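Residue-level listing of the chains:
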Amino acid sequence: MEKMREYKETRHSIVFKSHADLAFYSAGQEACAPGQHYGPRFRTYQMIHFVLSGKGRLEVAGRTFELQAGDAFLVPAETVAYYEADGEDPWHYAWINFLGITSRQYLLELMEAAEETFVLRGLPVDKYYATIQEVLPLDASSVSDYLLANSMTLYVLSQLFYDTGYGRRQDRRGSVAEEVKLYLDVNYYEPLHIQQVARQFGVHPNYLTRIFRAAYGVGPKEYLTQLKLKKAETLLVTTSYPVTVVADSLGFEDAFAFSRLFKKKTGLSPRDFRQRAEGAEKMPGPGDISGPSPGG
């Protein structure tokens, strides 16, 4: 078995694909080494990984999921995620990535069908692997192969909707508070206002605040702020993006407003927070043995 193989369509630009209705981006498979990891980082495309064998761990939106064969994990575009193969039984997985105007909505609907939001359990993953294997030999410069890859993307999505029973089990839809939380989890980078969110879900803002606080212990505005700041901490530690870029990527109106809020909540300015994190990384602990970090 090949350790890693990927097909990435290169004939069309990301800009072209992002303005299409739905466009294939890449597909592949990899048998990971123990502890091999990727991230934390975010992508510009929607991502679905199918666990074929072994085990691993996903960290996304402040949550941690343990995964095994038969599971799939979904990561929306612009969402910071980290995933790592088990140290003793590393996973072998296959993936398909896509983008386009409707791509986020498809992924969001699949996440609504999931009990655990970012994870689907008990899937017939061999069926999806067989389709992805058909994509891998395609010619990246061929128009016909690009269209074929798109058709296979549609097939994978259609089968996921079928296998999760989306549309057939309406009772799976959660409460308004759960749906709003999911919406905030995947759209946190937008300049959201709770009044607009409440209106979108057809409820009064005061009612939304009350039921959200009853479900999660904080109001939706505070939850969104906490979510943005946690993701800001991740970006400051794991990237070299300027503070202005971090602020803009998280939907803040300007970098000054972001810096004031960040310092109010953490006690440090974004720059000081980054410098402290960098200093901590350079200082080895007792008995530390440094080595190369696996993964890409």
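Quick note: structure is the one above.
Residues numbered from 1 in each chain as written. Predicted model: local features only at pLDDT ≥ 70, side-chain atom pairs only at ≥ 80, totals over all residues. Heavy atoms only, no water.

Asks: I'm lost on the nonpolar core in this one. Help?
Replies: Soluble, globular proteins show a tendency: their nonpolar side chains are buried together. Counting 53 residues, the largest nonpolar core has Ile48, Phe50, Leu58, Phe73, Trp91 and Leu160 as the members making the most contacts within it. Of all the elements, helix α4 (residues 143–164) adds the most residues to this core, at 6 residues. The contact partners of Leu160, leaving out residues within four places of it in the chain, are Ile48, Phe50, Leu110, Leu120, Leu123 and Tyr128. Within the second largest apolar cluster, 31 residues are counted, among which are Tyr188, Val243, Leu250 and Leu268. (Core = buried A, V, L, I, M, F, W, Y, C linked by side-chain atoms within 4.5 Å. Buried < 20%, exposed > 50% of the residue type's maximum accessible area, 1.4 Å probe, protein only. Helix = DSSP H or I, 4+ residues; strand = E, 2+ residues; numbered from the N terminus. Contact = heavy atoms within 4.5 Å.)

Asks: Sorry if this is basic, but what is going on with the packing of aromatic side chains here?
Replies: The geometry of an aromatic ring pair is captured by two quantities: the separation of the ring centres and the angle between the planes. Evaluation of the coordinates by the stated rule reveals 17 aromatic pairs. With 4.6 Å between their ring centres and 10° between their planes, Phe50 and Tyr128 make a pair best called stacked. Of this pair, Phe50 sits in strand β4 (residues 46–53) while Tyr128 is found in helix α3 (residues 125–135), placing the two residues 78 residues apart along the sequence. Across the pair, exposure class does not vary: Phe50 and Tyr128 are buried alike. Each ring, one from Tyr83 and one from Tyr93, has its centre 6.2 Å from the other, and the planes form 65°; the classification is edge-to-face. With Tyr83 in strand β8 (residues 81–85) and Tyr93 in strand β9 (residues 92–99), the pair connects residues that are 10 residues apart, well separated along the chain. A relative accessible area of 4% places Tyr83 in the buried class. Residue Tyr93 is classed as buried on the basis of its relative accessible area, which comes to 1%. In textbook terms, an aromatic cluster arises when at least three aromatic residues are bridged by ring pairs, as seen for Tyr38, Phe73, Tyr83, Trp91, Tyr93 and Trp95. The ring of Tyr216 carries the charged tip of Lys181 above its face, separated from the ring centre by 5.8 Å. (Phe/Tyr/Trp six-rings, centres within 6.5 Å; stacked < 30°, edge-to-face > 60°. Lys NZ or Arg CZ within 6 Å of the ring centre and 35° of its normal.)

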